[in-house]
Amino acid sequence: MNVADSQRLASELEKMGYRAAQTPEDADVLVVNTCVVRQGAEDKGVGRLVSLKPLKEKHPDKVIGLMGCMVGVRDPLPLRKRFPFVDVFMAPSMPGPMVSFLRERTVEDELLEIEADERAIRDAIQDEDALILPSHERGTLITAHVPIVYGCSHACSFCIIPFRRGVERSRSVGEIVAEVRSLVRQGVKEITLLGQIVDRYGKDIPDGPDLADLLHIIHEVGVGEGLERIRFLTSHPNYMTDKLLDTVAELPHVMPHIEVPVQAGDDEVLARMKRGYTQQQYRDLIARIRARIPNVAINTDIIVGFPGETEQQFMETYNLLHELKLDKAHLAKYSPRPQTVSDRTMEDDVPEEEKERRRKMLDEMQAEIIAEINGRFLGQTVPVLVEESHGGKWRGRTPQNKLVFFEDDSQDRHGQVVDVEIVWTGPWSMQGRLPGGAMPVLEQIEHAHEH
Ligand code: SAM
């Protein structure tokens, strides 16, 4: 979501004549876009922001912006006091304050020039409502994110997001479709629809379309324009209807890839997390997804060390993960967050070393599971959407979102869907060759997996 928000801010700044700079020293405007979902993320954001202070003191004309969940949808006054060197504060997904700030500093003639530049880009991509990608991404960016639901109104007891991103708001179909179309016209081949609970899309619009309806519309419009792949994340188990699953199975350009966090495997912990389902209901959901979507990849999120989580309760999570054999598990150690129910009413009583031990146990088991799942692709030929070249190889993803590297110097494969025969698999990536092509020199690229 932050990648998408940063892109939209960059797009607004480009419309005003700004271009991406390589270093903070070279930049006139610097923005730190922040995440606060865990304390570690917040600390990182604060560290980066504070590191810009000497630069601002030396060059007071540089504009510093703070964006995202650290700002949230609340009065920025306390932040203004804490970081007086910051000029502009922006709530998540809201680039407006920076645009107004910079416009006020821009003289009339420059504004006219800026508008003329914007007009030229819109004419070039023949789209009046276009989201114009930043110039360094236009024509080269293959996969893009499109937020379809802002905010979140769920009340998971551990989660700060509803307090910082505000209540759930679905975007209109018209706005989403226009954005998808403009991205595809600028070279994007894969769209990932985003929401904190993406499968709640449309629930805040009376008689509105649901996510399945939206997928049908985007499939129809996008594929006609050259869109290859559609994904969506993140889903909540309780809203994964058969209609949605059947739509994923039915539409050829919607990928067999589901992100559906379980968070914990123990019923009592799940109840205290206020997740709204039991272990058995999650198990049934996984079976239902697998029955309805052939060759589907299912990813999950897990929090270890939630307040009061006993060894036995943790083992429920461990055993569930062992049993379900999912394609990926994003593991997090519980981090108490201000305002949340768990922070206000429960003691963070699992020691840090114990949280780390539990995280590591899951991580090691999950690596074995993924290695086994990925091993099944050995010898298969799979369609890979090529995103970029990386260390002399093409780097892309399978429909299940698995990373594949392959060599081919015969032509520019950027943005193409290429059939690749898998010749090596590991937990984080696979290596392939063009069918019948030369065997690659195999080396492990374990660290190339995304975070
Ligand atoms: N909204 C989605 C959901 O929970 O179903 C997922 C998106 S959430 C931003 C990303 C992940 O961060 C969550 O799935 C959860 O595992 C993790 N997370 C959220 N709050 C956390 C906390 N207080 N401590 C540790 N991890 C947390």
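That block above? That's the structure.
Residues numbered from 1 in each chain as written. Predicted model: local features only at pLDDT ≥ 70, side-chain atom pairs only at ≥ 80, totals over all residues. Heavy atoms only, no water.

Description of the overall build of the chain
Move 1: Along its length, the chain carries 15 helices and 16 strands.
Move 2: Since a compact globule built from 451 residues should have a radius of gyration of about 22 Å, the 23 Å found for the chain is in line with a globular shape.
Move 3: Seen through its C-alpha atoms, the chain measures out along the principal axes to roughly 65 × 60 × 50 Å.
Move 4: The contacts of the chain with a sequence gap of at least 6 include a subset with a gap of at least 24, amounting to 71%.
Move 5: Surface exposure of the chain reaches about 20,200 Å², of which carbon and sulfur atoms provide 50%.
Move 6: Charged side chains in the chain number 55 positive and 74 negative. The centres of these two groups are separated by 3 Å. (Helix = DSSP H or I, 4+ residues; strand = E, 2+ residues; numbered from the N terminus. Rg over C-alpha atoms; globule rule 2.2 N^0.38 Å. Contact = heavy atoms within 4.5 Å. Areas by Shrake-Rupley, 256 points an atom, 1.4 Å probe, with all protein chains shown as cover. Lys, Arg positive; Asp, Glu negative; His and termini not counted. Charge placed at Lys NZ, Arg CZ, Asp CG, Glu CD.)

Describing helix H12 (residues 279-292)
Move 1: Compared with an ideal rise of 1.5 Å per residue, which puts 14 residues at 20 Å, H12 spans 20 Å between its outermost C-alpha atoms and is within 8% of the ideal.
Move 2: Among all positions in H12, only Gln-279, Tyr-282, Arg-283, Leu-285, Ile-286 and Ile-289 are buried. Relative to the axis of H12, the buried residues are bounded by an arc of 155 degrees and lie together on one face. (Expected span 1.5 Å × (residues − 1). Buried < 20%, exposed > 50% of the residue type's maximum accessible area, 1.4 Å probe, protein only. Arc of directions from axis to C-beta.)

What to know about the site of the ligand
Move 1: Residues in contact with the ligand amount to 16 residues; listed here are only the nearest, Ile-161, Gln-196, Gln-263, Asp-301 and Ser-335.
Move 2: One of the backbone nitrogen or oxygen atoms of Phe-158 is found 3.0 Å away from a nitrogen atom of the ligand.
Move 3: Between the ligand and Gln-263, the relevant distance is 2.7 Å, taken from an oxygen atom to a side-chain nitrogen or oxygen of the residue.
Move 4: Protein contact buries 89% of the 560 Å² of open area that the ligand shows by itself.
Move 5: Of all the secondary-structure elements, those providing two or more residues to the shell around the ligand are strand S10 (297-304) and strand S11 (328-333).
Move 6: Class assignment of the residues belonging to the shell around the ligand gives a composition of 7 nonpolar, 4 polar and 5 charged. (Near = heavy atom within 4 Å. Polar contact = N/O pair within 3.5 Å; in protein donor to acceptor, adjacent residues only side chain to side chain. Nonpolar A, V, L, I, M, F, W, Y, C, P; charged D, E, K, R; others polar.)

Here's the deal with the packing of aromatic side chains
Move 1: All told, the structure shown has 4 aromatic pairs when counted by the stated rule.
Move 2: Summarising the aromatic geometry, the rings of Phe-314 and Tyr-318 are spaced 6.4 Å apart at their centres and angled 55 degrees between planes, so their arrangement reads as tilted. One end of the pair is Phe-314 and the other is Tyr-318, both in helix H13 (residues 311-324) and 4 residues apart, which spans about a single turn. The burial state of Phe-314 is the same as that of Tyr-318; both residues are buried. (Phe/Tyr/Trp six-rings, centres within 6.5 Å; stacked < 30°, edge-to-face > 60°.)

Things to note about the pattern of salt bridges
Move 1: Evaluated as defined, the whole model comprises 40 salt bridges.
Move 2: In this structure, Glu-179 engages Arg-8 in a salt bridge whose closest nitrogen and oxygen atoms are separated by 2.4 Å. Here Glu-179, found in helix H8 (residues 173-185), pairs with Arg-8, found in helix H1 (residues 2-15); they are 171 residues apart in sequence, far enough to count as distant. One exposure class covers both Glu-179 and Arg-8, and it is buried.
Move 3: In this structure, the salt-bridge partner of Arg-376 is Glu-372, at a minimum N-O distance of 3.8 Å.
Move 4: Ionic contacts of the salt-bridge type, sharing partners, join the residues Glu-309, Glu-311, Glu-354, Arg-357 and Arg-358 into one network. (Salt bridge = Lys/Arg side-chain N within 4 Å of Asp/Glu carboxyl O.)

Concerning the packing of H12 against H13
Move 1: At a closest axis distance of 12 Å, the pairing of H12 and H13 adopts a crossing angle of 15 degrees. Considering the angle they form, H12 stands roughly parallel to H13. Considering the relative orientation of H12 and H13, their crossing is right-handed. Taken together, the residues of H13 that come into contact with H12 (itself represented by Gln-279, Tyr-282, Arg-283, Ile-286 and Arg-290) are Glu-316, Leu-320, Glu-323 and Leu-324. (Axes fitted to C-alpha atoms, helices over the stretch in contact; angles between N-to-C directions. Parallel < 35°, antiparallel > 145°, perpendicular 65-115°, else oblique. Left-handed = near helix turned anticlockwise from the far one by under 90°.)

A word on the sheet that holds strand S3 (residues 88-90)
Move 1: Taken in spatial order, the 3 strands of this open sheet run S1-S2-S3, and their pairing is parallel. With partners counted over all chains shown, the strands left at the sheet margins are strand S1 (29-34) and S3, one partner each. Neighbour-to-neighbour, the strand axes of the sheet open up by a mean angle of 20 degrees, direction not taken into account.
Move 2: The pairing of S1 with strand S2 (residues 63-68) spans 6 bridges and is parallel. Its bridge partner being in S2, Val-32 is matched across the sheet by Leu-66.
Move 3: Contacting S1 and S2, helix H2 (residues 39-51) runs over the sheet at an angle of about 165 degrees to S1. (Pairing = 2+ DSSP bridges.)

A word on a negative patch on the surface
Move 1: Residues Glu-108, Asp-109, Glu-110, Glu-113 and Asp-117 make up a contiguous surface patch of negative charge.
Move 2: As for its placement among the helices and strands, Glu-110 is situated in helix H6 (residues 108-124).
Move 3: Relative accessible area serves as the criterion here: at 40%, Glu-110 is assigned to the partly exposed category. (Patch = residues over 30% accessible without salt bridge, like charges linked within 9 Å, V, L, I, M, F, W, Y side chains within 5 Å.)

Things to note about the sheet that holds strand S7 (residues 190-194)
Move 1: Strand order in the open sheet formed by 3 strands is S4-S7-S8, and the pairing between neighbours is parallel. The open sheet has two edge strands, strand S4 (143-147) and strand S8 (229-233), and neither has a second partner. The mean angle between the axes of side-by-side strands here comes to 25 degrees, regardless of whether they run parallel or antiparallel.
Move 2: The pairing of S7 with S8 spans 5 bridges and is parallel. Looking at S8, one finds that Glu-190 is bridged to Arg-229.
Move 3: This element, H8, spans S4 and S7 of the sheet and lies at about 165 degrees to S4.

What about the side chain of Thr-192?
Move 1: Relative to the elements of secondary structure, Thr-192 occurs in strand S7.
Move 2: Thr-192 gets classed as buried once you look at its relative accessible area, which sits at 6%.
Move 3: Each residue touching Thr-192, except ones within four places of it in the same chain, is listed here: Ala-144, His-145, Val-146, Arg-231, Phe-232 and Leu-233.

Focus on unusual backbone geometry
It is generally the case that most residues other than glycine have a negative phi and that most peptide bonds are trans.
Move 1: Here Leu-233 and Thr-234 are connected by a cis peptide whose omega angle stands at 0 degrees.
Move 2: Take Thr-234: it is sitting in the loop between S8 and helix H10 (242-250).
Move 3: One non-glycine residue, Ser-93, adopts positive backbone phi at about 65 degrees.
Move 4: Tracing the sequence through the fold places Ser-93 in the loop between S3 and helix H5 (96-105).
Move 5: With a phi close to 55 degrees, Asn-295 is a non-glycine residue in the positive phi region.
Move 6: Summarising the element assignment, Asn-295 is placed in the loop between H12 and S10.

Functional significance is not addressed by these values, which are geometric in nature.
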